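# Architecture and fold: a report
Below are the chains, spelled out letter by letter.
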Amino acid sequence: MIYLKKLVLPSAKDEIYFIREEKRTCFNTFYPFKIFPDKGMREVSLDTVTMFYGGNGSGKSTLLNVMAHKIGAARYSEFNDSPLFDTFVDMCYLEWAKRPRASFVLTSDDVFDYALNARAINEGIDDRRNQLFERYVEVHHAMITDPEMGQLHGLDDYERWREVREILSPKKSQSNYVKKRVAQDIDLCSNGETAMRYFLDRIEENAVYFLDEPENSLSIEYQIELSDYIAATARVGNCQFIIATHSPIFLSMKGAKIYDLDDYPVSNRDWTDLPNVRRYFEFFMDHKDEF
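Computed from a predicted model, the values in this text were never measured in an experiment.

## With respect to the overall build of the chain
- When helices and strands are counted, the chain shows 10 helices and 10 strands.
- Here the chain holds 291 residues, and the buried ones make up 42% of them.
- Excluding contacts between residues fewer than 6 apart, the proportion of contacts in the chain whose partners are at least 24 apart in sequence is 75%.
- Per element, the accessible surface of the chain, about 16,600 Å² overall, is 49% carbon and sulfur.

Here is the structure:
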């Protein structure tokens with residue numbers, strides 16, 4: 001599905017005029033001005049899956065943030081803008097093909113925050129698990145001196161009675177009792193598993209997604225899995241994805257339109273022609289006899 005059709009950046013002439021006028025101010029940076037004219041980049045035509053490839057400082061994240069800011073996409077964390085960022089965005093033109101249900105920015109910072117929250121929850125689960133073990137032992141010991149504690153003494157006593165009955169059940173071992181009580185809580189996962197879960201939780205149908213280097217924290221297995229999930233969601237979930245990445249796994253996604261921001265002028269290229277991918281290929285070919 002294509003919702004965003006085209007982005008037109010300010011012309012080099014417009015940028016020069018603006019900067020000349022603003023030099024009378026106290027700004028010590030003109031970011032994000034002066035990035036894209038130097039790349040010969042003016043117009044970005046978008047597809048169902050569009051990828052911005054390039055090294056650090058190439059402008060791929062900036063371009064992604066400009067589009068996301070232009071349409072007011074929802075964010076889960078802040079990004080590094082500048083005093084002139086809003087002005088630059090206002091000078092851009094964005095053409096819609098159709099309006100989506102929603103739009104979101106998903107970044108590696110979001111994944112990190114999600115992992116921290118999951119870890120904090122799981123630390124709470126560990127505390128809860130220890131409390132349940134202690135309670136199990138406490139009830140069994142108490143029954144020795146007070147057999148009546150297993151009796152129901154009124155409706156207000158129902159929750160305590162149910163808990164005691166569960167603990168005293170001959171089919172309920174200590175481990176089974178604790179496991180059942182915490183079964184709905186979040187399990188402690190590896191960073192890669194947590195990152196994968198983050199994307200699966202966030203990506204829904206009928207929306208535009210801006211993904212900034214989703215490969216961070218993901219093993220190659222999870223990169224393949226997420227890449228397949230994105231391709232399937234774009235195909236059957238009516239989603240559009242705009243991705244900043246240098247991962248060969250994501251860049252190999254079938255049908256994706258790739259912009260090489262390291263090229264001059266910026267051009268569309270096949271993933272197999274990208275320098276980073278070619279370097280991977282050459283490395284493995286150099287070591288092919290070791291496999």
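## Details of unusual backbone geometry
- A cis geometry characterises the amide bond from Tyr31 onward to Pro32, with omega recorded as 5 degrees.
- For the bond from Tyr264 to Pro265, the omega torsion is -10 degrees, close enough to zero to count as cis.
- One can find Pro265 in the loop between strand E9 (257-260) and strand E10 (267-268).
- Even without being glycine, Lys34 reaches a positive phi, approximately 75 degrees.
- Tracing the backbone shows Lys34 in the loop between helix H1 (12-22) and strand E2 (43-45).

## Some thoughts on the nonpolar core
- Counting 36 residues, the largest nonpolar core has Leu63, Phe210 and Ile242 as the members making the most contacts within it.
- When residues of this core are traced back to their parent elements, those giving at least two are strand E1 (4-8), H1, helix H2 (60-71), helix H3 (85-90), strand E7 (207-212) and strand E8 (240-244).
- Ranked by residue count, the leading element in this core is H2, at 6 residues.
- Ignoring sequence-local partners within four residues, the contact set of Leu63 consists of Leu7, Leu9, Phe36, Met41, Val44, Phe52 and Leu261.
- Among the nonpolar cores identified, the runner-up in size contains 30 residues, and Tyr53, Ala102, Phe241 and Ala256 belong to it.

## A look at the sheet that holds strand E5 (residues 93-96)
- The strand order across the open sheet built from 3 strands is E2-E1-E5, with neighbouring strands paired in antiparallel fashion. Whereas interior strands pair on both sides, the edge strands pair on one side only; in this sheet they are E2 and E5. Each adjacent strand pair in this sheet contributes to an overall mean axis angle of 15 degrees, direction not counted.
- As paired elements, E1 and E5 share 4 bridges and run antiparallel to each other.

## Details of the environment of Asn276
- Within the secondary structure layout, Asn276 lies in helix H10 (residues 275-286).
- Asn276 sits 222 residues away from Gly54 along the chain, and the two C-alpha atoms are 8.6 Å apart.
- Setting aside residues up to four positions removed in sequence, Asn276 forms contacts with Tyr53, His246 and Pro248.

## Some words on a negative patch on the surface
- Judged by side-chain charge, Glu78, Asp81, Asp86 and Asp90 come together as a negatively charged surface patch.
- Along the chain, the position of Glu78 falls in the loop between strand E4 (74-75) and H3.
- Take Glu78: its relative accessible area is 72%, and that puts it in the exposed class.

## A few points about the sheet that holds strand E3 (residues 49-53)
- Read across the open sheet, the 7 strands follow the order E4-E6-E7-E8-E3-E9-E10; overall the sheet is mixed. The strands lining the two open edges of the sheet, one partner per strand, are E4 and E10.
- As paired elements, E3 and E9 share 4 bridges and run parallel to each other. Looking at the pairing, Phe52 lines up with Tyr259 of E9.
- Strands E3, E4, strand E6 (102-107), E7 and E8 of the sheet are contacted by H2, whose axis makes an angle of about 150 degrees with E7.
- This element, helix H8 (residues 220-236), spans E3, E7 and E8 of the sheet and lies at about 150 degrees to E8.

Procedures and definitions
Residues numbered from 1 in each chain as written. Predicted model: local features only at pLDDT ≥ 70, side-chain atom pairs only at ≥ 80, totals over all residues. Heavy atoms only, no water. Helix = DSSP H or I, 4+ residues; strand = E, 2+ residues; numbered from the N terminus. Buried < 20%, exposed > 50% of the residue type's maximum accessible area, 1.4 Å probe, protein only. Contact = heavy atoms within 4.5 Å. Areas by Shrake-Rupley, 256 points an atom, 1.4 Å probe, with all protein chains shown as cover. Core = buried A, V, L, I, M, F, W, Y, C linked by side-chain atoms within 4.5 Å. Pairing = 2+ DSSP bridges. Axes fitted to C-alpha atoms, helices over the stretch in contact; angles between N-to-C directions. Patch = residues over 30% accessible without salt bridge, like charges linked within 9 Å, V, L, I, M, F, W, Y side chains within 5 Å. Salt bridge = Lys/Arg side-chain N within 4 Å of Asp/Glu carboxyl O. Lys, Arg positive; Asp, Glu negative; His and termini not counted. Charge placed at Lys NZ, Arg CZ, Asp CG, Glu CD.

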